[in-house]
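# Working through the structure, step by step
Here are the chains, one letter per residue:
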Amino acid sequence: MQLMSSIQNKLHEIKNSLPESITLVAVSKTKPIADLMEAYTTGQRVFGENKIQEMTDKWEAMPKDIQWHMIGHVQTNKVKYMAPYVSLIHAVDSIKLLKEINKQAIKNNRTINCLLQIKIAEEDSKFGLDKDRAIELLNSDTFKAFKNVKVIGLMGMATNTDNQKQIATEFDFIHTFYQDLTKVYPEFTTLSIGMSGDYPLAVERGSTMVRVGSKIFGERIYK
Ligand SMILES: *Cc1c(COP(=O)(O)O)cnc(C)c1O
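Residues numbered from 1 in each chain as written. Predicted model: local features only at pLDDT ≥ 70, side-chain atom pairs only at ≥ 80, totals over all residues. Heavy atoms only, no water.

Going by the annotation in an unreviewed UniProt entry, the name recorded for the chain is Pyridoxal phosphate homeostasis protein, with Aquimarina intermedia given as the source organism. Quoted straight from UniProt, the Function (unreviewed entry) entry for the chain says "Pyridoxal 5'-phosphate (PLP)-binding protein, which is involved in PLP homeostasis." (UniProt positions renumbered as here; feature names shortened; annotations may be inferred.)

### Concerning the side chain of glutamine 166
Note on placement: glutamine 166 falls in helix 8 (residues 164-184). Other than its neighbours up to four places away in sequence, glutamine 166 contacts Glu122, Thr159 and Thr161. (Helix = DSSP H or I, 4+ residues; strand = E, 2+ residues; numbered from the N terminus. Contact = heavy atoms within 4.5 Å.)

### Examining the pattern of salt bridges
As enumerated under the stated definition, the model contains 6 salt bridges in all. Between glutamate 49 and lysine 58 there is a salt bridge whose closest N-O contact spans 2.9 Å. Taking the relative accessible area as the measure of exposure, lysine 58 reaches 5% and is therefore buried. As a salt-bridge pair, lysine 58 and glutamate 54 come within 2.7 Å of each other at their nearest N and O atoms. Residue lysine 58 and its partner glutamate 54 are located together in helix 3 (residues 52-61), separated by 4 residues, close to a single helical turn. Each of the salt bridges in this network shares a partner with another, and the network as a whole consists of Glu49, Glu54 and Lys58. (Salt bridge = Lys/Arg side-chain N within 4 Å of Asp/Glu carboxyl O. Buried < 20%, exposed > 50% of the residue type's maximum accessible area, 1.4 Å probe, protein only.)

### Details of the pairing of strand 6 (residues 149-156)
On a regular strand, each side chain points to the face opposite its neighbour's, so the side chains alternate between the two faces of the sheet. Counting buried positions along strand 6 yields 7 of 8 residues, so the element is predominantly enclosed. As paired elements, strand 5 (residues 112-118) and strand 6 share 7 bridges and run parallel to each other. Looking at strand 6, one finds that cysteine 114 is bridged to valine 151. As judged from the 3 bridges shared by strand 6 and strand 7 (residues 190-192), these two strands associate in the parallel manner. Residue pairing across strands places methionine 155 opposite serine 192, the latter belonging to strand 7. Following the backbone out of strand 6, through helix 8 and into the adjacent parallel strand 7, one traces a crossover that is right-handed. (Pairing = 2+ DSSP bridges. Right-handed = clockwise from strand over helix to strand, strands pointing away.)

### Examining the site of the ligand
Every residue close to the ligand is listed here: Val27, Lys29, Ile71, Met155, Met157, Met195, Ser196, Arg211, Val212, Gly213, Ser214 and Arg220. Within the side chain of lysine 29, an N or O atom sits 2.7 Å from an oxygen atom of the ligand. At 2.8 Å, a backbone N or O of glycine 213 approaches an oxygen atom of the ligand. Coverage of the ligand by the protein amounts to 90% of the 390 Å² it exposes when considered alone. When each cavity is represented as a set of grid points, the ligand is found to reside in the largest pocket. Classifying every residue of the shell around the ligand gives 6 nonpolar, 3 polar and 3 charged. (Near = heavy atom within 4 Å. Polar contact = N/O pair within 3.5 Å; in protein donor to acceptor, adjacent residues only side chain to side chain. Areas by Shrake-Rupley, 256 points an atom, 1.4 Å probe, with all protein chains shown as cover. 1 Å grid on protein atoms, 1.4 Å probe; cavity = no way out; pocket = protein on both sides within 12 Å on 5 of 7 lines; lining within 4 Å. Sits in = over half its atoms within 2 Å of the grid points. Nonpolar A, V, L, I, M, F, W, Y, C, P; charged D, E, K, R; others polar.)

Structure representation (structure tokens):
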């Protein structure tokens, strides 16, 4: 057997620990193409990035059977760059953004899948909808008129803390909300919760999709 690299070992380890029904998004932001190719070679086909320019550069350089997920905050004026190829946009938090995604999806003659980002952390983050705003958005006639965007679930980020009980409470909150919505919206299939530090807990608490970066690729160095 060929020796596996550290990235390949980590990926195997995580894959083996996850139930088969869970989608693993390999979060490759800031990492070079060579690292992504190591993951690709072991069969990984779902990658997550948080900057549209970087994701587009990687999409151009990498094999075309990869699903690219935008997991970061999206600026409306940049949607057009990823609209031809993006597979899932995780952090949608406004009707204005959905409108632009719908417009660019129409231009590209496709339907783009999205998740609504729900604010679950106690940290004072600017991003994410509360429950009432999310329901209001899903019920609005404006949203219902968008034919080329499909909201298929929710995404959340727990508080950055060692307090497992708090993280579990935040995951339970979004999972309960997600389950309520699946009763009304049959197209809801995806609950994106869990990162390197908390994905085993997220899986226990009903995650269907985890976004794991540093546990696969190593710590990120920001310039
Ligand atoms: C960077 C990032 C991740 C992955 O973080 P790790 O802790 O390295 O696993 C997951 N989700 C979002 C939204 C991110 O920005």
